[in-house]
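# Observations on chain architecture
Listed below, chain by chain, are the residues.
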Amino acid sequence: MATDPNIRIRISADSADAEGGLRRTEDALERTGAAAARTSRRTYDMGRRAQEVGRQMSGQTRAQIQNVGFQIQDFAVQVGAACRGRPGLGALSAAAALAPQPRRGAGGALDSVGRPRHRRHMIDLRPVAYVIGMLVAVLGATMLVPLLVDLAYGNGHWPAFLISGVLACMVGGLTALSCSSTAGTGLTLQQTFLLTTLVWVALPAAGALPFMFGATDARLVDAYFEAMSGMTTTGSTVFSGLEYLPKGLLLWRGMLQWFGGIGIIVVAMVFLPELRIGGMQIFRSEAFDTMGKILPRAAEIASRISVIYVGLTISCAITFFAFGMSGFDSIVHAMTTISTGGFANYDASFGQFNAPETYACSIYMILAALPFVRYVQLIHQGPKPLWRDSQVRAFVGTISVMTLILFAFVEHIGMGGEEGFREAIFNTASIMTGTGYANTDYMKWGSFAVGYFFFAGLIGGCAGSTACSIKIFRYQILFASIVTQIKRIHSPSGVFVTRFEGRAVDDDALGSVMAFFVMFILSIGVLSVGLTLTGLDFITALSSAATALANVGPGLGDQVGPAGNFAGINDLAKWMLAFGMLVGRLEVMVVYTILTIQFWRA
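Rules and cut-offs
- Residues numbered from 1 in each chain as written.
- Predicted model: local features only at pLDDT ≥ 70, side-chain atom pairs only at ≥ 80, totals over all residues.
- Heavy atoms only, no water.
- Salt bridge = Lys/Arg side-chain N within 4 Å of Asp/Glu carboxyl O.
- Buried < 20%, exposed > 50% of the residue type's maximum accessible area, 1.4 Å probe, protein only.
- Core = buried A, V, L, I, M, F, W, Y, C linked by side-chain atoms within 4.5 Å.
- Helix = DSSP H or I, 4+ residues; strand = E, 2+ residues; numbered from the N terminus.
- Contact = heavy atoms within 4.5 Å.
- Phe/Tyr/Trp six-rings, centres within 6.5 Å; stacked < 30°, edge-to-face > 60°.
- Lys NZ or Arg CZ within 6 Å of the ring centre and 35° of its normal.
- Patch = residues over 30% accessible without salt bridge, like charges linked within 9 Å, V, L, I, M, F, W, Y side chains within 5 Å.
- Areas by Shrake-Rupley, 256 points an atom, 1.4 Å probe, with all protein chains shown as cover.
- Axes fitted to C-alpha atoms, helices over the stretch in contact; angles between N-to-C directions.
- Parallel < 35°, antiparallel > 145°, perpendicular 65-115°, else oblique.
- Left-handed = near helix turned anticlockwise from the far one by under 90°.
- Expected span 1.5 Å × (residues − 1).

### Comments concerning the pattern of salt bridges
- On inspection of all chains with the given rule, the structure shows 10 salt bridges.
- In this structure, Asp 222 and Arg 219 form a salt bridge, with 3.3 Å as the shortest nitrogen-oxygen distance.
- Residue class for Arg 219 comes out partly exposed when judged on its relative accessible area of 43%.
- Connected through salt bridges with shared partners, the residues Arg 219, Asp 222, Asp 571 and Lys 574 form a single ionic network.

Quick look at the structure:
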């Protein structure tokens, strides 16, 4: 069959057009390849320069920057290699072939496909050890104060503080001296996590020495439990006959809680927001930005807050003394009140004192549970920032409502009038702020009181205060999130955002808060089960776990309730509760993070 000549002409023209288009495409690809080759070469050079910068650094920073350089070079080589054999991309594949391969060195050996196999570097513990050593030495030096008090009272127990102080100064000083080469260097994220945790492990160990060498002649487990309870401002005690202990030892218990109180404020305002723990990242700008020119640096934040802390302590001591306390009792109880710690000089706790001291203590416990940053703003900007803080309003509102509920209950059981109100406001403030004072055995008030004080201890005060437990702002975010979810269910097409103090709460902060709630509740459950396995009954185990993680102090029941102490529980349970105090004081997730494998592989 003959082919139409016109068809053959059209086919030939179409073929010519196709060949021309293919050539143009190849030319375009070649030009693209040439440009990509130049980009690849520049990228490779950037990697080399990054390595050169890294070689000028030291320690872990050097390794990190050099590894980045290797990764940039590796990326450039892989881009070229991926184009090898592709038509029109010869320039790029040729550039990849000409590029020198990453060298073996600080970044690690090459793997099977020519990429650098990075070695995992051990965490440099020297900067952490240096700071801890300095703090232990400083703590040892402060033992001179109770030593002088014992000398002044002439009771002959001062050698315990001399021995303890010398040991702490020697161990801490030698540790800091051996790691002094890293002084002034910055901390990585891992080192910051370790420092935050290990400080609260090492300082109670040093603080336990006077209990071991002193009049209490305590065993290691009891001494460490008492010191951990002091430093974490928990207030649980294993000692009885407190009024008969040397004055120096009573003062030391108060000092431990006072140091722990100012320590946790600094940690909460400086470290936890940067570590993004439990939603504390919400206050990152609160600590640094909203203070404006008043507090431009974290160190200045700590110093200004310390002034407020000391000022409140002095004011509280003067008030106690004016209302009838002795000078010594005024000082010790002022320290344990402002730190919301709850160590008392008497087995009867605050039941030893009269109504004026009780009311004064109630006020100062509430003041200590407010954000200390707001006090700084109060001095410079007036009272508006304090009352505008939704945390403050929510906390004051919650403690007022709970006081009225308890007052109605105690009036119902026959304790009305001024005495009933005094008992209601004092014990509510004490348990809700985590102070842990008691002026009566509220276990005798019935089952309602047991449940009331259990849940009151799980509320806590404001972030940035010395108060413990879950804290008000997390409940605010939780309830706001619940309201947002309900709105989304009602209006699926609507856009609703969870807000805190008028600002949107991002997913990172919201997830962090929810993770805190889950881990806090799980921790209470796991610790309770562990305590029951050691032989404790259910009420004692559950309340002990809750009071340790919430850093409240007294538990529930005859053994560890407001009229008892923790001396009678077994040694394993004491170690477990000491660990629970540490976990709770550091907002749960700090300790758990360093216990993960991923943390050490990072």
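Once you've had a look at it, read on.
### A closer look at the nonpolar core
- Phe 211, Phe 395, Trp 445 and Phe 520 are the most contacted members of the largest nonpolar core, which has 142 residues in total.
- The element best represented in this core is helix 10 (residues 247–275), accounting for 15 residues.
- Contact partners of Phe 520, with chain neighbours within four places excluded, come to Leu 458, Ile 470, Leu 549, Ala 550 and Val 588.

### Looking at unusual backbone geometry
- At Asp 217, a residue that is not glycine, the phi angle is positive and equals roughly 50°.
- Position of Asp 217 relative to the elements: it lies in the loop between helix 8 (209–213) and helix 9 (220–231).
- Asp 217 sits in the exposed class, given a relative accessible area of 59%.

### Structural notes on the side chain of Ser 528
- Within the secondary structure layout, Ser 528 lies in helix 21 (residues 507–533).
- Of the residues examined, Ser 528 reaches a relative accessible area of 7% and is grouped as buried.
- If we skip the residues at most four places from it in the chain, Ser 528 touches Ala 541, Leu 542 and Ala 545.

### A closer look at the packing of aromatic side chains
- Taken as a whole and judged by the stated rule, the model has 30 aromatic pairs.
- Each ring, one from Phe 454 and one from Phe 455, has its centre 5.3 Å from the other, and the planes form 90°; the classification is edge-to-face.
- Clustering of aromatic rings is evident, with ring pairs tying together Phe 320, Tyr 346, Phe 350, Phe 353, Phe 426 and Tyr 437.
- For the cation-ring pair, Arg 253 lies above Phe 343, with the distance from its terminal atom to the ring centre recorded as 4.0 Å.
- Cation over ring: Arg 474 sits above Phe 516, and NZ or CZ is 3.8 Å from the ring centre.

### Section: a nonpolar patch on the surface
- On the surface, Leu 144, Leu 148, Leu 151, Trp 158, Leu 162, Val 166, Met 170, Val 171, Leu 174 and Leu 177 cluster together into a nonpolar patch covering about 940 Å² of accessible area.
- Broken down by secondary-structure element, the contributors of at least two residues to the nonpolar patch are helix 5 (144–153) and helix 6 (158–178).
- Structurally, the position occupied by Leu 174 is in helix 6.

### Points about the environment of Val 238
- With respect to the helices and strands, the residue Val 238 is situated in the loop between helix 9 and helix 10.
- Take Val 238: its relative accessible area is 8%, and that puts it in the buried class.
- Distance from Val 238 to Val 560, taken between C-alpha atoms, is 9.8 Å for residues 322 residues apart in sequence.

### Things to note about the packing of helix 7 (residues 189–207) against helix 9
- Viewed as axis vectors pointing N to C, helix 7 and helix 9 meet at an angle of 125°, and their least axial separation amounts to 8 Å. Compared by their axis directions, helix 7 and helix 9 come out oblique. For the element pair helix 7 and helix 9, the recorded crossing hand is right-handed. Facing helix 7, whose interface residues are Trp 200, Val 201, Leu 203, Pro 204, Ala 205 and Gly 207, helix 9 presents Tyr 224, Ala 227, Met 228 and Met 231.

### Some remarks on the environment of Gln 257
- Within the fold, Gln 257 resides in helix 10.
- For Gln 257, a relative accessible area of 0% gives the class buried.
- Residues Gln 257 and Ser 229, 28 residues apart in the sequence, show an inter-C-alpha distance of 8.1 Å.
- If we skip the residues at most four places from it in the chain, Gln 257 touches Ser 229, Gly 230, Thr 233, Thr 234, Gly 235, Tyr 309, Thr 336, Ser 339, Gly 341, Gly 342 and Phe 343.

### Examining the environment of Ala 567
- Within the fold, Ala 567 resides in the loop between helix 22 (538–549) and helix 23 (571–585).
- Owing to a relative accessible area of 36%, Ala 567 belongs among the partly exposed residues under this scheme.
- C-alpha separation for the pair Ala 567 and Ser 240, spaced 327 residues apart in sequence, amounts to 8.1 Å.
- If we skip the residues at most four places from it in the chain, Ala 567 touches Thr 237, Val 238 and Lys 574.

### Digging into the packing of helix 17 (residues 390–412) against helix 19 (residues 447–456)
- Contact geometry for helix 17 and helix 19: axes closest at 11 Å, N-to-C directions at 165°. The orientation of helix 17 relative to helix 19 falls into the category roughly antiparallel. Two packed elements cross with a definite hand, and for helix 17 against helix 19 that hand is left-handed. Facing helix 17, whose interface residues are Met 402, Thr 403, Ile 405, Leu 406 and Phe 409, helix 19 presents Phe 448, Ala 449, Tyr 452, Phe 453 and Ala 456.

### Observations concerning helix 13 (residues 327–338)
- If you check helix 13, its first and last C-alpha atoms are 17 Å apart, about what 12 residues at 1.5 Å a residue would give, namely 16 Å.
- All of the buried residues along helix 13 are Phe 328, Asp 329, Ser 330, Val 332, His 333, Ala 334, Met 335, Thr 336, Thr 337 and Ile 338.
- Note on helix 13: the residue one or two positions beyond its end, Thr 340, has a positive phi of about 45°.

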